[in-house]
Amino acid sequence: MDRWAEVADGVLARRHDELDLTTGLVVGGERALVVDTGGDHAQGARLFAAVREVTALPLVVAITHAHFDHCFGTGAFPPVAVHAHPRCRAAVASTARLQREEWTRYYRDRGDDETADALAATDPLLPGATVDPVLDVDLGGRTVRLLHPGRGHTDHDVVAVAGDVVFAGDLVEQGAPPDYGDAVVAEWPASVAAVLALGARTFVPGHGDPMSRREVEAQRDEMVEVAALHAAVARGDLDAVIATARSPFPAVPWPS
């Protein structure tokens, strides 16, 4: 069952069974911020209902990146401000159809017609283009900083900083290896280092349970290894097969 976990006072992570997704909620005195919205209109509606069980305050939405599982549920929310990096808006516009087709097939192949039907019927809402590179969102007595720390999992990752907690999107992963499908491999370690430099103690990944600084530092170090292997393949100093065997993470798209 999907469930809330309070990671700080008024700062909650929503753990979803589907794809082990983690979304977020930060409650201020006048408004509340939702971090990511799920993968289709049905998931978005369930998340909105869960948010309303916590707070009746007006909402603001932040989108960490353009992958469907993090943003296709936005249209299920009432009209609200939706903040994202400018390249996120462009990525949703250009990739929504292909993402919908790919993942509808994924769910049908697994016999999950309910999720496949919901995704096939979802027309994602384009996010705003306001985090370039920083936006402070006043929630009333509490400010959340939305920040683009650099390119990594995508070229438009945004994190939400709420005191000692950072909602890091898919810049970090818990319980599964990072997804390099759309990654900027060479720059990802520096972007995670920039997130660590924010001084937070708790890091909420886009998938999995909250992580400690030590866990994020360890993942950053492994990303450094991947970046070095990637550069060696690009220079022709290393074969992609050998790089795959040495890589701490699978499915890295090595240069050809």
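Structure first, text after, so check above.
The following refers to the structure shown.

The rules behind these values
Residues numbered from 1 in each chain as written. Predicted model: local features only at pLDDT ≥ 70, side-chain atom pairs only at ≥ 80, totals over all residues. Heavy atoms only, no water. Helix = DSSP H or I, 4+ residues; strand = E, 2+ residues; numbered from the N terminus. Contact = heavy atoms within 4.5 Å. Axes fitted to C-alpha atoms, helices over the stretch in contact; angles between N-to-C directions. Parallel < 35°, antiparallel > 145°, perpendicular 65-115°, else oblique. Left-handed = near helix turned anticlockwise from the far one by under 90°. Buried < 20%, exposed > 50% of the residue type's maximum accessible area, 1.4 Å probe, protein only. Arc of directions from axis to C-beta. Pairing = 2+ DSSP bridges.

## Side note on the side chain of Thr122
Turning to step 1, where the next piece is worked out: Along the chain, Thr122 falls in the loop between α4 (113–120) and β7 (134–138).
Turning to step 2, where the next piece is worked out: The contact partners of Thr122, leaving out residues within four places of it in the chain, are Asp40, His41, Phe72 and Arg100.

## Considerations on the packing of helix α5 (residues 188–196) against helix α6 (residues 213–235)
Turning to step 1, where the next piece is worked out: Axis separation between α5 and α6 bottoms out at 8 Å; the angle between their running directions is 160°. With respect to α6, the axis of α5 lies roughly antiparallel. The way α5 lies across α6 gives a crossing that is left-handed. On α6, the residues touching Trp188, Pro189, Val192, Ala193 and Leu196 of α5 are Arg213, Val216, Glu217, Arg220, Met223, Val224 and Ala227.

## Side note on the environment of Pro58
Turning to step 1, where the next piece is worked out: Tracing the backbone shows Pro58 in the loop between α1 (41–54) and β5 (59–62).
Turning to step 2, where the next piece is worked out: A residue is classified by how much of its surface remains accessible, and Pro58, at 48% relative accessible area, is partly exposed.
Turning to step 3, where the next piece is worked out: Sequence separation between Pro58 and Val27 is 31 residues; the distance between their C-alpha atoms is 10.0 Å.
Turning to step 4, where the next piece is worked out: Apart from residues no more than four positions distant in its own chain, Pro58 is found in contact with Glu30, Arg31 and Ala32.

## Observations regarding α5
Turning to step 1, where the next piece is worked out: Along α5, the residues that are buried comprise Trp188, Pro189, Ser191, Val192, Val195 and Leu196. Buried residues of α5, viewed axially, fall in a sector of 160°; they line one side.
Turning to step 2, where the next piece is worked out: Buried residues in α5 make contact with β9 (159–162), β10 (165–169), β11 (202–205) and α6.

## What to know about the sheet that holds strand β6 (residues 81–83)
Turning to step 1, where the next piece is worked out: Strand order across the open sheet formed by 6 strands is β1-β2-β3-β4-β5-β6, with mixed pairing between neighbours. On the outer flanks of this sheet lie β1 (3–8) and β6, each paired with one strand and no other. Recorded for the sheet is a direction-independent mean angle of 25° between the axes of neighbouring strands.
Turning to step 2, where the next piece is worked out: One ladder, built from 3 bridges, connects β5 with β6; its direction is parallel. Counterpart to Val61 in the pairing with β6 is Val82.

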